[in-house]
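These are the residues of each chain, in order.
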Amino acid sequence: MTETRCDWCGSLPIYINYHDEEWGVPEYDSRALWEKLVLDGFQAGLSWLTILKKRDAFRAAFANFDPEKVARFDEADIQRLLGDAGIVRHRGKIEAAITGAQAWLKLQDGPGFAPMMWGYVDGQPLVNRFQTMAEVPASSDLSLKISKDLKKLGFKFCGPTIVYAWMEATGLINDHLVTCHRHEAVKTLAR
C-alpha cells in the first residue's frame, strides 16, 4: 500500500525524503530555524528543488550556518560566495544572510530566535485541516506580522510568502493535507 502525500511532493526521492522526514516537523533549535529561513530566502523566485539539491553546498559555503561566523563575513567572503557555482549566486540574498546572522546574534542577547518565533504560536504548532492544495494560502496575517517584525530587526528576504513557507517547513504550522500520512504523525512531534 502506498502512502498518500501532499500533492506538491511529487515522486522525486529528494522531495519524498524532505516531505516525509523534515517538512512540517517542529524545529525548536534557533540555529536550525535561522538556516531554514535563510534557505527559504534564497529560494525566492526559484524552485525549492533547486535549494534542496544545493543545500550541502550552501552549508559548506556558509560555515554550516553558524551565525557567529556568518555575521563576520566581509566583502572577500561575498566575492567568494558570488563565485561559488554550488549555491545561488545573488548578492542581495548573500548580504541578507550576513545581516540576518547579525540580527540573529542580537536576538540571542534577548529572548532568542526560537523562543521569539515559537511565541507567535504560543509554543504549539498551528494545525490546519486543508483537504486540497488550493486551500493552502501563500501567506497569512501571521506571516505578514512575523515578516514585518523580522524586517524591523534587520532580517531581509523574509516577506510574508517566504515566512509562510518557512513556518510550514519548520512546523510552526502543520499544513500537511489531512489526506497525507504525515498530517497526524507531525502533530505528535510537538512539545
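This text gives an overview of the structure that appears in the document.

About the criteria used
Residues numbered from 1 in each chain as written. Predicted model: local features only at pLDDT ≥ 70, side-chain atom pairs only at ≥ 80, totals over all residues. Heavy atoms only, no water. 1 Å grid on protein atoms, 1.4 Å probe; cavity = no way out; pocket = protein on both sides within 12 Å on 5 of 7 lines; lining within 4 Å. Points joined across faces, edges and corners; volume = space filled by probe spheres on them. Helix = DSSP H or I, 4+ residues; strand = E, 2+ residues; numbered from the N terminus. Nonpolar A, V, L, I, M, F, W, Y, C, P; charged D, E, K, R; others polar. Buried < 20%, exposed > 50% of the residue type's maximum accessible area, 1.4 Å probe, protein only. Expected span 1.5 Å × (residues − 1). Polar contact = N/O pair within 3.5 Å; in protein donor to acceptor, adjacent residues only side chain to side chain. Salt bridge = Lys/Arg side-chain N within 4 Å of Asp/Glu carboxyl O.

Points about empty space enclosed by the protein
It is the rolling of a water-molecule-sized probe over the atoms that shows where space remains empty. Under the defined criterion, the tally for this structure stands at 2 cavities of 30 Å³ or more. By volume, the largest cavity amounts to about 100 Å³. Around the largest cavity, the lining residues are W34, L37, V38, G41, F42, K93, A96, A97, G100, F155, K156 and F157. Put simply, the parts of the chain that give the lining of the largest cavity at least two residues each are helix 2 (30–43) and helix 6 (91–108). Broken down by element, the residue count for the lining of the largest cavity peaks at 5 residues, all from helix 2. Tallied by class, residues from the lining of the largest cavity come to 8 nonpolar, 2 polar and 2 charged. Roughly 40 Å³ of volume is contained in the second largest cavity. In terms of lining residues, the second largest cavity is bounded by Y18, E22, K36, L39, D40, W48, R55 and A169. Contributions of two or more residues to the lining of the second largest cavity are made by helix 2 and helix 3 (48–61).

Quick look at the environment of E95
With respect to the helices and strands, the residue E95 is situated in helix 6. For E95, a relative accessible area of 31% translates into the label partly exposed. Expressed as a C-alpha distance, the spacing of E95 and F73, which sit 22 residues apart in the sequence, is 9.1 Å.

Describing helix 2
For the α-helix, the turn length of 3.6 residues means that residues three or four positions removed from each other point alike. Counted at 1.5 Å a residue, the expected span for helix 2 with its 14 residues is 20 Å, and the 20 Å between its end C-alpha atoms agrees. Among the 14 residues that make up helix 2, 13 are buried, leaving the element largely enclosed by the rest of the structure. Looking at where helix 2 begins, the residue whose side-chain oxygen comes 3.2 Å from the main-chain nitrogen of R31 is D29. Where helix 2 terminates, the next one or two residues include G45, which has phi positive at roughly 85°.

Things to note about the pattern of salt bridges
Following the criterion strictly, the structure yields 13 salt bridges and no others. Between E75 and R91 there is a salt bridge whose closest N-O contact spans 2.9 Å. Placement of the pair is E75 in helix 5 (residues 75–82) and R91 in helix 6, with a sequence separation of 16 residues. Among the residues examined, E75 registers a relative accessible area of 42% and is labelled partly exposed. For R129, the salt bridge goes to E184, with nearest N and O atoms at 3.9 Å. One end of the pair, R129, is in the loop between strand 1 (126–127) and helix 8 (141–153); the other, E184, is in helix 10 (residues 181–187), with 55 residues separating them in the sequence. Among the residues examined, E184 registers a relative accessible area of 44% and is labelled partly exposed.

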